[in-house]
Amino acid sequence: MQTNSTSQGAAPASSHPSGLPNNYYWFFIIYMAALSAFGSFINDMYVPSLPEMCRHFHASTSTVQLGLSFGMLGLGLGQMILGPVSDRVGRKPVLIGSIILFTIACVVSIFSPTIGFFLVCRFFQGVGGSGGYFLARTMPADIVGGRVLAKMMAIIGAINGIAPASAPVIGGFMADAAGWRGTFVLLVVIGIVLLCFSPKLKETLPVAKRETGSLWEAFRGYGLLFRNRKFMIHVILKGSALGLLFAYVSSAPFIMQDHYGWSQSAFGVIMGLNAVLMAIGSMVALKFKYLKNAARFGGYLLLIMIVGEAVSLWFVDSFWVYEAWIVPALFAMGIIFTAGNTLAMNEGRSDAGAASAVLGLSGYVFGMTASPLVGLGNLLHSTAITFVVLAVIVFIVSLISGRMAPDLVASSITTPDVKK
């Protein structure tokens, strides 16, 4: 197994607590945030186009929503495969290969003749996007730990809040201007830009710390992670909260556009403003002395807001009431994402690639299950039920996490050893 040593000695010449050179630190943070945004770009950017795609492909709402599920399936399975591969061959080769696959799949999807062909493209987009998504958690965990890792994850999360905030806005305008295909043209451009900047990114997993056994032995490391109770509790915490977010994302265009009559552009702006609350929540999590307390607070707040949302969806036909409940719920999700990500990765740092893959898979297992469920029968009622079930899971797991010890209470800095 790979190990990460914690050094209390002098870090390389740098005024930044992470140990990274100042002239590289912010590039690293922004690039990690962009990689993390892959998941949001893959789903959120084309969400405003879902009603249009129903008409274009002559498909039902649930069938078109499978595009979200197939993307999440690719994101989940891709991480499980690429995680151990990156522990063995390094992070950069996996990153570059996955971005290339993502870009090619986006190009092909533009020419989809049927909804079935489009769903296959969505799967490969997910596999390609998974590389950047899990490496955004893995690469920071390679070089820092403890509260330093928590701060880095929170900063990445806050910057990444721009992704779910901007993706539906941009997607809405693109859909109005160029139809659903325009969104995927833009995704191709994003993939090319990330690929162009990848040479500047340094390898965070030196050869001496890589897995040396067979690739099959690297995959066997999943068994140890699945038996790590603390790790898995926080994996489920993050995963169930992410599943709730995907349920919201997949139901929102039909609730806001078809039910309440908002245009694609207006829908994108509303989704974008709502998502800013997640970015704020991700930073607020750092104000708690113990991250497990942040998770517990987030769990309480999320359950209260979602129950209120469910009641309003069932009995109150008002867009503004719908908004009033979902906004603080998104704030609570931001808190839970920072706490869940950091606590899970800190428990699984000895196999960071595989740990990040399991963490990512959990969210997409919940998400790909929830997304089509919100479209069954009465949309408002099925959405309410799905929301409540997931919020209850988050709440229960947050209580279990709150009873665990120890928590992250002190800084732990791993001396960076980044290679070109």
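Residues numbered from 1 in each chain as written. Predicted model: local features only at pLDDT ≥ 70, side-chain atom pairs only at ≥ 80, totals over all residues. Heavy atoms only, no water.

Draft legend 1. Inspection of the overall build of the protein at higher detail. A tally of regular secondary structure across the protein gives 15 helices and one strand. Classification of the 420 residues of the protein by burial places 61% in the buried group. Expressed as a percentage of contacts within the protein between residues at least 6 apart in sequence, the contacts between residues at least 24 apart total 86%. A total of about 15100 Å² of accessible surface is found on the protein, and carbon and sulfur atoms cover 70% of it. (Helix = DSSP H or I, 4+ residues; strand = E, 2+ residues; numbered from the N terminus. Buried < 20%, exposed > 50% of the residue type's maximum accessible area, 1.4 Å probe, protein only. Contact = heavy atoms within 4.5 Å. Areas by Shrake-Rupley, 256 points an atom, 1.4 Å probe, with all protein chains shown as cover.)

Draft legend 2. Summary view of the nonpolar core. In this structure, Tyr31, Phe118, Leu201, Leu245, Tyr248, Met256 and Leu302 are the most contacted members of the largest nonpolar core, which totals 106 residues. Looking at this core element by element, the count peaks at 14 residues for helix H10 (residues 229-259). Leu201 has contacts with Tyr24, Phe27, Phe28, Tyr31, Met32, Lys92, Leu95 and Met139, leaving out every residue within four places of it along the chain. Met153, Ala354, Ala357 and Leu361 belong to the second largest nonpolar core, which has 17 residues in total. (Core = buried A, V, L, I, M, F, W, Y, C linked by side-chain atoms within 4.5 Å.)

Draft legend 3. Structural view of the pattern of salt bridges. Evaluated as defined, the whole model comprises two salt bridges. Its salt-bridge partner being Asp87, residue Arg91 comes within 2.8 Å of it at the nearest N-O pair. Comparing Arg91 with Asp87, the two get one shared label, buried. The salt bridge involving Arg91 is made with Asp142; its shortest N-O contact spans 2.9 Å. Of this pair, Arg91 sits in helix H4 (residues 91-109) while Asp142 sits in helix H5 (residues 115-143), placing them 51 residues apart in sequence. A residue is classified by how much of its surface remains accessible, and Arg91, at 0% relative accessible area, is buried. Classification of Asp142 by relative accessible area gives buried; the value is 3%. (Salt bridge = Lys/Arg side-chain N within 4 Å of Asp/Glu carboxyl O.)

Draft legend 4. Summary view of the packing of aromatic side chains. Under the criterion given, the structure shown has 17 aromatic pairs. Ring plane angle 40° and centroid distance 5.7 Å describe the contact between Phe27 and Tyr31, whose orientation is recorded as tilted. Placement of both Phe27 and Tyr31 in helix H1 (residues 22-44) is noted, with a separation of four residues, approximately one turn of the helix. This pair shows no difference in class: Phe27 is buried, exactly as Tyr31 is. Plain terms: the ring middles of Trp180 and Phe184 are 6.1 Å apart, the flat faces sit at 80° to each other, and that makes the pair edge-to-face. With Trp180 and Phe184 both in helix H8 (residues 180-197), this residue pair falls four residues apart, about one helical turn. You'll find Trp180 and Phe184 in the same group, each marked buried. A cation over an aromatic ring shows up here: Lys202 above the ring of Tyr24, its NZ or CZ 4.8 Å from the ring centre. Across from the ring centre of Tyr290, 5.9 Å away, lies the NZ or CZ of Lys292, which sits over that ring. (Phe/Tyr/Trp six-rings, centres within 6.5 Å; stacked < 30°, edge-to-face > 60°. Lys NZ or Arg CZ within 6 Å of the ring centre and 35° of its normal.)

Draft legend 5. Structural context of a nonpolar patch on the surface. Together, Ile96, Ile100, Ile104, Val107, Val108, Phe111 and Phe117 make up an exposed nonpolar region whose accessible area comes to about 580 Å². Along the chain, Phe117 falls in helix H5. (Patch = residues over 30% accessible without salt bridge, like charges linked within 9 Å, V, L, I, M, F, W, Y side chains within 5 Å.)

Draft legend 6. Quick peek at the confidence of the model for the protein. Averaged over every residue, the pLDDT of the protein is 80; the share at 70 or more is 85%. With pLDDT under 50 throughout, residues 409-417 is counted as low confidence; its partners more than four residues away or in other chains account for 38 contacts. (pLDDT = per-residue confidence, 0-100.)

Draft legend 7. Quick peek at helix H15 (residues 379-402). Its 24 residues give H15 an end-to-end C-alpha distance of 34 Å, which sits within 8% of 34 Å, the value for a rise of 1.5 Å per residue. A distance of 3.0 Å separates the backbone nitrogen of Leu380 from a side-chain oxygen at the start of H15, and that oxygen is part of Asn378. (Expected span 1.5 Å × (residues − 1). Polar contact = N/O pair within 3.5 Å; in protein donor to acceptor, adjacent residues only side chain to side chain.)

Draft legend 8. Local environment of the environment of Ile336. If you trace the backbone, Ile336 turns up in helix H13 (residues 319-347). Owing to a relative accessible area of 0%, Ile336 belongs among the buried residues under this scheme. A sequence separation of 39 residues divides Ile336 from Phe297, and the C-alpha atoms of the two residues are 8.6 Å apart. Beyond its immediate sequence surroundings of up to four residues, Ile336 is in contact with Leu237, Ala241, Ala295, Gly298, Gly299, Leu302, Asn341 and Val394.

Draft legend 9. The arrangement of the side chain of Glu309 in detail. The residue Glu309 is located in helix H12 (residues 291-315) in this model. Buried Glu309, no salt bridge; nearest opposite-charge side chain is Lys238, N-O distance 21 Å. The residues contacting Glu309, other than those within four sequence positions of it, are Val321, Tyr322, Trp325, Ile326 and Phe387. (Lys, Arg positive; Asp, Glu negative; His and termini not counted.)

Draft legend 10. A look at unusual backbone geometry. Located in the positive-phi region is His58, a residue other than glycine, with phi close to 55°. Structurally, His58 can be placed in the loop between helix H2 (50-57) and helix H3 (61-89). Judged by its relative accessible area of 76%, His58 is exposed.

Draft legend 11. Summary view of H3. With 29 residues, H3 extends 42 Å between its outermost C-alpha atoms, agreeing within 8% with the 42 Å of an ideal straight helix rising 1.5 Å per residue. At Leu82, H3 shows its maximal kink, close to 25°; a proline, Pro84, follows between one and four residues later. Gly90, located one to two residues past H3, shows a positive phi value of around 105°. (Bend = angle between axes of the 7 residues up to and from the residue.)

Draft legend 12. A look at the packing of H4 against H5. Relative orientation of the contacting elements H4 and H5 amounts to 155°, with a least axis distance of 8 Å. Considering their axes alone, H4 and H5 lie roughly antiparallel with respect to each other. Of the two elements, H4 crosses H5, and the hand of that crossing is left-handed. Of the residues in the contact of H4 with H5, the class split is 16 nonpolar, eight polar and two charged. (Axes fitted to C-alpha atoms, helices over the stretch in contact; angles between N-to-C directions. Parallel < 35°, antiparallel > 145°, perpendicular 65-115°, else oblique. Left-handed = near helix turned anticlockwise from the far one by under 90°. Nonpolar A, V, L, I, M, F, W, Y, C, P; charged D, E, K, R; others polar.)

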